[in-house]
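Notes for the structure review
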Amino acid sequence: MAGRGVHLARALALGVAFAWAVLPAQAQQAWLGDWASQKIDEISGVSAIVDPAAAFATPVAPQLQRRPASPPTPAEAARNAATIALYKETIGANSPASFVWSGVETANPLTRDARYRWNAIDDQGLFDADRRARLIDGVRNLGVSNLRIGLANHEIDLDDPQSWARHDAFVGDLAAAGLNLSLDLHHFGVEDRFRSGEPETSYYLHPDWPKYFARFSREAFARYRDKIRAVTLINEPETTVGFNSQMWHGAFPGWRDPRHDRVYVERAFAIASAAVRARIAIEKELARTGGRTLFMHTEAAVWKPASDDFNRVVRFLPSDLILGKEWLFEIDLDRMAEEPLEFLAQEAGKESAEKRRTREWLLSAYVFATDDEDEQAERLEKLVGMIGSLRKLHERLAESHGKTMRDDTVFAADYYAHNEAKGASGAWLSPEPQLYAAQAAVGERRGLYQMIRDYHDRYRMPMMIGETGTPFYAYGARWHAEMLLETAAAMEDGTPMLGYTIYPLVDTYGWETALSVAKSRTSVNTGGVFELSLEPRPFIRALLNGLNNQTAQASTDSADQVQ
């Protein structure tokens, strides 16, 4: 493989230490390493005097602090191998066709004032059969065969079969076109029936919502099982938990409100309870009919340089609860319930923020965020109860179906430039793609590679990019090429990377306000593969034409090769 030595030498000269050993877990998408080596070779050959137009498509080689991924335990390795095999069986193996995804934006939250309901499917006109047919033709002409989709949950009444009609046509047409569909069962919107009149018991905090969502999930899965290839239970749970305090469903209580941390924790446990209940409900359906299904756990990959608590604990908390992170089962609940409050308070405050673990953060932010000892005791009792109840649900899943929430599951990290709003210096970061590489090189931006490492090291699951894109569409090919180079680097350092989602498929509205106000007050998000006219943007063909898998099979056949 002398050619690879040349590529590697040039990569090293550019400060990119690509390691070309292909492990069995990485062989699922080994073609990506070949593409990356060729792209680095191409970049190294670009003259210093460049055609200005090339700046829109030519990536900058990433300057990465490379390190091997945290190795899985034997049990984790076996679990991951089973998930990778399921992905291969369900979606395909070792080719751009099985790696590249796009997705229809399907968010449907109520706004900050709870007076306007978003419906992204309607906003794109995709409940219209003729428009949908035009889009399907466009997607097939591009050669994209994998799509994330979702439902406008608020339109569906489980007691009225006719309420599914628009979705039956939407999902049915996409499936009939031969597209591999992954269905989001919840994408930011809670049904109006869970507005109780009291913010403490409305929407995600409504006591009936988790069980309702489990029922909804089973019925939706049963209805569309023969048309879909994968399922996402809760899209971006950390975004869902956090944005409801400030942006959606009445924005209770507000990020600066002293009640925020308490409500955040209670929402996180409610959403986790709903997710595990939904998985149990789907596994029951699978037990009845036979077979397995692939799950995608999507989460926004976010970094806040000024917040140690967020970076160490909060950004992971909803996923920890849903996926059953080990700390959840290691807490001695009897001891916690019986320990004097003053001892627990000392424990909660003994670590600085940069060392604080999840247990200490929960005690500090939830139990001891008030000085009232009676309220502290009530909160402690509630926290113990929430942990205990969620543990029982995880145990029920394991005992009844022999599964954990990480089985048959790919962790999908969603990353946009705006996920890092501020840099290490505290300055606001411009999200323009042509600035990304420089921001990362000087340490202002953490970047996709490090984000992948953060989430892989925590959960040690196969991964994919669940969403990424840019509204600066003239630089679309450049943005995605840079993201793919970092994805390839993470894969080559030991993280199994199974897919990459160019998102959204069609332009939509309101992202600049995080869907917090009515559509009439927002602008078009121009990050789509297709414009609202359903014309494809030029960058997508430039990007897809460059994803060449001519050496993919050679990589798979040489899985035991060394550098």
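Anyway, here's the lowdown on the structure attached to this text. It should be emphasised that the depicted structure is a prediction, and the values quoted were computed from it without experimental measurement.

Quick notes on the rules
- Note that residues are indexed from 1 along each chain, following the sequence as it is written.
- In keeping with the model being predicted, local features are shown solely for residues with a pLDDT of at least 70 and side-chain atom pairs are shown and tallied solely at 80 or more, while totals for entire chains, interfaces and linings include all residues.
- With hydrogens and water set aside, each side-chain value is computed from the structure's full complement of heavy atoms.
- Numbering goes from the N terminus for both helices and strands, where a helix is a DSSP run of H or I of at least four residues and a strand is a run of E of at least two.
- Pairing of aromatic side chains requires ring centres within 6.5 Å, counting the rings of Phe and Tyr and the six-membered ring of Trp. Pairs whose planes differ by under 30 degrees are stacked, by over 60 edge-to-face, and all others tilted.
- A positively charged side chain is recorded as over a ring if its NZ (Lys) or CZ (Arg) lies within 6 Å of the ring centre. The angle to the ring normal must also be within 35 degrees.
- By nonpolar core we mean a set of buried residues, namely Ala, Val, Leu, Ile, Met, Phe, Trp, Tyr and Cys, connected to one another through side-chain atoms within 4.5 Å.
- Partly exposed residues are those whose accessible area sits between 20% and 50% of the maximum for their type, while under 20% is buried and over 50% is exposed, using a 1.4 Å probe and protein chains only.
- Whether two residues touch is decided by their heavy atoms; if any such pair falls within 4.5 Å, the residues are in contact.
- For two strands to count as paired, DSSP must find a minimum of two bridges between them.
- We count Lys and Arg on the positive side and Asp and Glu on the negative side, and we leave His and both chain ends out.
- The salt bridge criterion pairs a side-chain nitrogen of Lys or Arg with a carboxyl oxygen of Asp or Glu, the two atoms within 4 Å.
- Working convention: axes come from line fits to C-alpha atoms, limited for helices to the stretch in contact. Angles between N-to-C directions cover 0 to 180 degrees.
- What the arc describes is the spread of directions from the helix axis to the C-beta atoms.
- Each patch is built from residues that are more than 30% exposed by relative accessible area and take part in no salt bridge. Like charges join if they lie within 9 Å; nonpolar side chains (Val, Leu, Ile, Met, Phe, Trp, Tyr) join within 5 Å.
- Areas reported as accessible are Shrake-Rupley estimates using a 1.4 Å probe. Residue values count occlusion only from the protein chains shown.
- Lys charges are placed at NZ, Arg charges at CZ, Asp charges at CG and Glu charges at CD.
- The definition of a right-handed crossover adopted here requires that, viewed with the strands pointing away, the path from the first strand over the helix to the second runs clockwise.

The next point concerns the environment of Val265. With respect to the helices, strands and loops of the structure, Val265 is situated in helix α10 (residues 260-289). Sequence spacing of Val265 and Leu362 is 97 residues, and the spatial spacing of their C-alpha atoms is 7.9 Å.

Our next topic: the packing of aromatic side chains. Under the definition given, this model contains 22 aromatic pairs. On the numbers, 6.4 Å between centres and 75° between planes, the contact of Phe316 with Tyr459 is edge-to-face. On the criterion of sequence distance, the pair formed by Phe316 in the loop between α11 (308-314) and α12 (317-323) and Tyr459 in helix α19 (residues 447-459) is long-range, its members being 143 residues apart. Ring pairing ties together the aromatic residues Trp164, Phe194, Tyr212, Phe216 and Tyr224, which thus form one cluster. Sitting over the ring of Phe310, Lys304 keeps its end group 4.2 Å from the ring centre. Positioned over the ring face of Trp303 is Arg446, at 4.0 Å from the centre of the ring.

Looking now at the nonpolar core. Soluble, globular proteins show a tendency: their nonpolar side chains are buried together. Of all hydrophobic cores here, the largest spans 138 residues; its most connected members are Trp35, Ile149, Phe170, Trp209, Leu233, Leu321 and Leu505. Counting residues per element, this core draws most heavily on α10, which supplies 13 residues. When sequence neighbours within four positions are dropped, the list of residues in contact with Ile149 reads Val104, Thr106, Phe170, Val171, Leu174, Leu181, Ser182, Leu183 and Asp184. The next biggest cluster of nonpolar side chains, apart from the first, holds twelve residues, and it includes Ile84, Leu294, Val410 and Ala412.

Looking now at the environment of Ser523. Along the chain, Ser523 turns up in the loop between β9 (508-509) and β10 (524-525). For Ser523, the contacting residues outside a window of four places in its chain are Thr508, Tyr509, Gly510 and Glu512.

On to unusual backbone geometry. Residue Phe252 is joined to Pro253 through a cis peptide bond whose omega torsion reads 0°. Look at Asn94: it is not a glycine, yet its phi comes out positive at around 50°. Along the chain, Asn94 turns up in the loop between α3 (74-90) and α4 (96-99). Its identity as a non-glycine residue notwithstanding, Tyr203 has a phi of 55°, on the positive side. Note that Tyr203 resides in the loop between β3 (180-184) and α8 (209-224). Given the relative accessible area of 7%, Tyr203 is considered buried.

Moving on: the pairing of strand β6 (residues 409-414). Across the six residues that make up β6, a large majority, six, are buried. The alternating pattern of β6 places Thr409, Phe411 and Ala413 on one face and Val410, Ala412 and Asp414 on the opposite face, and all of these are buried. Summarising the sheet, strand β5 (residues 294-300) and β6 pair through six bridges and their orientation is parallel. Bridging across to β6, Met296 finds its partner in Val410.

Let us look at the side chain of Glu238. Looking at the element boundaries, Glu238 is found in helix α9 (residues 237-243). One buried charged side chain, Glu238, makes no salt bridge at all; its nearest oppositely charged neighbour is Lys304, positioned 6.1 Å away. Sequence-distant contacts of Glu238, defined by excluding residues within four places in its chain, comprise Tyr264, Glu299, Phe310, Val314, Arg315 and Pro318.

Now for the sheet that holds β3. Consider a sheet: its strands pair through backbone hydrogen bonds, and that pairing is either parallel or antiparallel. With respect to topology, eight strands assemble into a closed barrel ordered β1-β2-β3-β4-β5-β6-β7-β8, the strand pairing being parallel. Strand-to-strand twist of the sheet, defined as the mean angle between neighbouring strand axes without regard to direction, takes the value 25°. Relative to strand β2 (residues 146-150), strand β1 (residues 100-103) runs parallel, the two sharing two bridges. Looking at the pairing, Gly103 lines up with Arg148 of β2.

All of the buried residues in helix α15 (residues 341-349) are Leu341, Leu344, Glu347 and Ala348. Down the axis of α15, the sector holding all buried residues measures 120°, keeping them to one side. Of the exposed residues in α15, the ones pointing more than 90 degrees away from its buried face are Gln346 and Gly349. Buried residues belonging to α15 abut α14 (333-338), α16 (358-367) and α17 (373-401).

Once that is clear, we can look at a negative patch on the surface. Residues Glu342, Asp371, Asp372, Glu373, Asp374, Glu378 and Glu381 make up a contiguous surface patch of negative charge. Here the negative patch gets four residues from one element, more than from any other, and that element is α17. Tracing the backbone through its elements, the reader meets Asp374 in helix α17.

For the rest of this paragraph, the subject is the pairing of β2. β2 sits mainly inside the fold: five of its five residues count as buried. Residue alternation in β2 divides its side chains into two sets, Asn146, Arg148 and Gly150 and Leu147 and Ile149, and both sets are buried. Taken together, β2, helix α7 (residues 165-176) and β3 form a β-α-β motif whose crossover is right-handed.

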